[in-house]
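Here is what each chain is made of, one letter per residue.
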Amino acid sequence: MNLKFCSNTTSYKSLVRPALAAALFLLTALPIFGQDWIKTGTGLGVEKIRIAVPDFKAANLDPRNTELLKTFNDTLWNDLNNAGIFDMVSKSFYPLGQIGSPADVKFESWSGAPPNAAMLVFGNLGSAGSTLTVQGWLYDVKNVASPQVLGKQYADAPTTQAARVIAHKFADEIIFRLGGGVNGIAETQIYYVRGASGHKEIWAMDYDGANQHPVTTLGTISLSPHISPDGSRMAFSSFTGSGWEIRMFSFDLNRIVSFPRYGGTNLTPAWSPDGSRLAFSSSRAGNSEIYVVDQSGGNLHRVTSSKGHDVSPGWNRKTGSEIAFVSGRTGLPQIYTMGADGTNVQRMTDQGYAVSPAWSPNGQFLVFSWMRHYGAGAPGSEDIYIMDIASKQWVQLTHDGGRNDFPSWAPDGRHIVFQSNRSGSLQIWTMLATGTNQKQITASGANSEPDWSWK
Amino acid sequence: MASGEIFFEHESWGRNLAWSAALHGGFALFVIVYAWIAGSGHGSNWAAGGGGGAMGVTLVSNVPLPANPVQTKSVLATESKGVSQSKPQEKIEEPEAVAIPEKNAKVKPRPKPQPTATQRKPQPQPVEEANNVVPFGEGGPVSGPYSMFNAGAAKGGFGFTGGGGDFGSRFAWYVRVVNQKVSENWLKYEVDSRIQTANRVYLTFDIDRSGRPSHVQVEQSSGVPSLDVSAVRALQRIDTFGPLPPDYSGSKVSVEFWFDYTRK
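Sequence positions are assigned chain by chain, starting from 1 and proceeding in written order. Each chain is given a letter, starting from A, and each ligand a number, starting from 1, according to the order in which they appear as written. In view of the model being predicted, local features appear only for residues whose pLDDT reaches at least 70, and side-chain atom pairs are presented and counted only at 80 or more, with totals across whole chains, interfaces and linings using the full set of residues.

**Here we look at the sheet that holds strand β12 (residues 243-250) of chain A**
Residues and elements named next belong to chain A. In spatial order, the strands read β10-β11-β12-β13; together these 4 strands make up an open sheet with antiparallel pairing. Taken across any chain shown, the strands that pair with only one partner, and hence form the sheet edges, are β10 (222-227) and β13 (255-257). Strand-to-strand, the axes of this sheet are offset by a mean angle of 35 degrees, without reference to chain direction. Relative to β12, strand β11 (residues 233-240) runs antiparallel, the two sharing 8 bridges. Counterpart to serine 238 in the pairing with β12 is glutamate 245. Here, strands pair whenever DSSP counts at least two bridges between them. Going along the chain from the N terminus, every DSSP run of H or I of four or more residues is numbered as a helix, and every run of E of two or more is numbered as a strand. Note on method: axes are straight lines fitted to C-alpha atoms, helices fitted across the in-contact stretch only, with angles between N-to-C directions ranging 0 to 180 degrees.

Rendered as structure tokens:
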């Protein structure tokens, strides 16, 4: 009897344990299945390169070196950290002693624990007279036989701005080599709308939020800046006496240049990737529709015609043969794509309120702003989503509340800039295209509608 | 009277004796039967190691347990049933005198592998063992930084040939870039959703000096057309891997890339 009782207990346990495990599994799995997140799997599971970036060494005893080194080291670290392809080794793991030249490198102390670095960036900086000289190296420390991947020397004026530019250039070289031939974004610019009392102007800044400065001073309301692929011109829409018109700013001439006025409300100009054409929305014929003109504003032709409004065009940045846009033809605004001549219209989103599409540089993805549940009782948050165009699979990138809108791709296809009011005021944020590493890059005033330069 | 009484006593004793014999016989039979029953039970327990555990095991094996909800992931990457050689040559002693490496050495026919720290790194080794042994890098989970990758449920690996044949060791960083870009551009959902697992597909392609992949070919099909196409498309999506290292003298490198596919 005793034996039988024991064995019965064992059998009950045997049944109960898997049942409990199954219940726990279901409980932990439910929150995942309960949310509307779909991972496309692209780019997942790829290890980042573990890179050590010790501070550069002073090449001489010039007193200006201290400040220049600080600027250089901070900028280089931030650029590499922001690149999205590196796992930065914490400086607390670094061996003692500065490295100024290849002779100082002790491979085992970097490739082994605790740094366990795959790559090492090091060099020296020295100012003498009116020249600032920086030497930098990139070493594969696990490859003792032929470690050097990159060796560069830069010379410029001994100013903090020059030190910053050199750091950007060197960082971009490293990112270009280790990022598979994709140029870094350290020297790119972000254009945006800055609100002031009663008017809005177009401003520009470095990709990290530094050097914020005005581009236009029109004293009116200017919106939706869009920089040309070669960086020489900027199209935007501005309120004039006759309504909203497309305006053009030339960086070569540093002033507004003439551009035709079409009548009606003309908004959201977008450059084709070859810089030869502009698409924008115009209500000159009543309804807002998408029009395409050549770079000087001539040869106007309409490419959409529907009952609802068609606005916010964005070109396929790889092929230049397709345009994504927002249409209200079925009620609430949704994202559509079409050929650049208006044929082959395809609906991409199926619910909610979707606006602001932007095509990725590789032509594979759309990023846009979406209120998936719109209407009474819906949460009302507006988030940034990325969609793989071929499969229509999408991933939600922002989850932190507030209204997130106007996403724009960085030229490397790894970063996205957008506006968000999650911090209490309307500001510009950047993130990786995976939704990670979200950073606020403007702090004061009201800043919106960012556009990342093409290079 | 007396004789009659004696005879009567004899009769009465014999009857009791019969009862006694019957009872003894019954008892003996009971003992034998009990011993047989108890003995057989004891023998079974003893043979099984005794205790409740043995009974428990027997009973549990008869209970229809629910299947394990989590599927066990097979770590064997190849179809070979061979012994997995999980580590490269770890036991090379610390070289006491290593010649100072020539940093800008040009590509030469490789004389002999020197026991430098580079070769302690996990790299595909030539097969020296019996045929039954899985070469390093082709068995088990990802074990080498430059030879394999994981992307979701999929795995891949590759070998480089170019110049003197030491491209992979001299420019390991470039190999890593190729690895990363291919895995980033391989979209799992392009493979037929009904396919759970497939044979390995081998691709070959060239990388020219500018880093552009060309001559993408399926060297050995997986037998699943959608998997073959997805692997080719991964390469077609890539515009460039970045220029080949400036120190590399050849005009191109050839790459063999393989993809293993298992749906989770």
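**As for the packing of helix α2 (residues 65-82) of chain A against helix α4 (residues 160-178) of chain A**
Helix-helix packing is described using two parameters, namely the angle between the two axes and the distance between the axes. All names here are of chain A. One can describe the packing of α2 onto α4 by two numbers: an axis separation of 8 Å at closest approach and a directional angle of 30 degrees. Regarding the angle of α2 to α4, the classification is roughly parallel. Read as a crossing pair, α2 and α4 show a hand that is right-handed. Between α2 and α4, the residues in contact are Glu67, Leu68, Thr71, Phe72, Thr75, Leu76, Asp79 and Leu80 and Thr160, Ala163, Arg164, Ile166, Ala167, His168, Phe170, Ala171 and Ile174, respectively. By residue class, the composition of the contact of α2 with α4 is 10 nonpolar, 4 polar and 3 charged. Working rule for angles: under 35 degrees goes down as roughly parallel, over 145 as roughly antiparallel, 65 to 115 as roughly perpendicular, anything else as oblique. Working rule for handedness: look at the near helix, and if it is turned counterclockwise from the far one by less than a right angle, call the crossing left-handed; if clockwise, right-handed. Working definition of a contact: two residues with C-beta atoms, positioned from the backbone, lying within 7 Å. Asp, Glu, Lys and Arg are counted as charged, while Ala, Val, Leu, Ile, Met, Phe, Trp, Tyr, Cys and Pro are counted as nonpolar; the rest, among them Gly, fall into the polar class.

**Some remarks on unusual backbone geometry**
Here the residue pair A:Ala113 and A:Pro114 is connected by a cis peptide bond, since its omega of 0 degrees sits within 30 degrees of zero. With respect to the element layout, A:Pro114 can be found in the loop between α3 (107-111) and β4 (119-128). One non-glycine residue, A:Phe406, lies in the positive phi region at around 55 degrees. On the secondary structure map, A:Phe406 appears in strand β26 (residues 404-409). Whether a residue is buried, exposed or partly exposed follows from its count of other C-beta atoms within 10 Å of its own C-beta, namely 20 or more, 12 or fewer, or something in between, respectively; the C-beta atoms are built from the backbone. By the C-beta count within 10 Å, which is 23 here, A:Phe406 ends up buried. Positive phi is not limited to glycine here, since B:His215 has a value of about 50 degrees.

**Thoughts on the pairing of strand β15 (residues 277-282) of chain A**
Residues and elements named next belong to chain A. Counting buried positions over the 6 residues of β15 gives 5, a clear majority of the element. Of the strand pairs in this sheet, strand β14 (residues 266-271) and β15 are connected by 4 bridges, and their pairing is antiparallel. Paired with tryptophan 271 across the bridge in β15 is leucine 278. The antiparallel hairpin formed by β14 and β15 contains 5 residues in its connecting segment, where glycine 275 sits at a positive phi of about 75 degrees. Bridge count for β15 against strand β16 (residues 289-294) is 6 bridges, and the pairing is antiparallel. Residue pairing across strands places serine 281 opposite isoleucine 290, the latter belonging to β16. What sits between β15 and β16 in their antiparallel hairpin is a turn of 6 residues, with glycine 286 showing a positive phi close to 110 degrees.

**Description of the domain arrangement of chain A**
Those domain boundaries reflect an automatic or database domain assignment. Taken domain by domain, chain A holds domain 1 (49-178) and domain 2 (189-452). For domain 1 of chain A versus domain 2 of chain A, the distance between C-alpha centres works out to 37 Å.

**Comments concerning the sheet that holds strand β20 (residues 334-339) of chain A**
Residue and element names in this part refer to chain A. With antiparallel pairing, the 4 strands of this open sheet are ordered in space as β18-β19-β20-β21. Edge positions in the sheet fall to β18 (310-315) and β21 (346-347), since each of these pairs with one other strand and no more. With 2 bridges connecting them, β20 and β21 associate as antiparallel partners. Within the sheet, the bridge partner assigned to tyrosine 336 lies in β21 and is arginine 347.

**So, the nonpolar core**
Residue and element names in this part refer to chain A. By size, the foremost hydrophobic cluster in this structure holds 139 residues, and its most contacted members are Ile51, Phe72 and Met119. Residue contributions to this core reach at least three from each of two domains, namely domain 1 (49-178) and domain 2 (189-452). Among residues more than four places away in sequence, those in contact with isoleucine 51 are Leu80, Phe86, Met88, Val89, Ala117, Ala118, Met119 and Val121. The term nonpolar core refers to a set of buried Ala, Val, Leu, Ile, Met, Phe, Trp, Tyr and Cys residues connected through C-beta atoms within 7 Å.

**A word on the confidence of the model for chain A**
All names here are of chain A. Per-residue confidence from the predictor is reported as pLDDT, a score between 0 and 100. The predicted model of chain A averages 88 in pLDDT, with 90% of residues at 70 or higher. Every residue in residues 1-16 is under pLDDT 50, and counting partners more than four places away or in other chains gives 18 contacts. Taken as a whole, residues 19-45 scores under 50 in pLDDT and shows 26 contacts with residues more than four places along the chain or in a different chain.

**Focus: the confidence of the model for chain B**
Residues and elements named next belong to chain B. When pLDDT is averaged along chain B, the result is 64, and 46% of the positions lie at 70 or above. Confidence, expressed as mean pLDDT per element, reaches its minimum in chain B at helix α2 (residues 51-62) with 29 and its maximum at strand β6 (residues 213-220) with 89. Of the regions scoring below 50 in pLDDT, residues 39-84 engages in 49 contacts with residues more than four places distant in sequence or in other chains. Every residue in residues 124-153 scores below 50 in pLDDT, and together they form 81 contacts with partners more than four places removed in sequence or on other chains.

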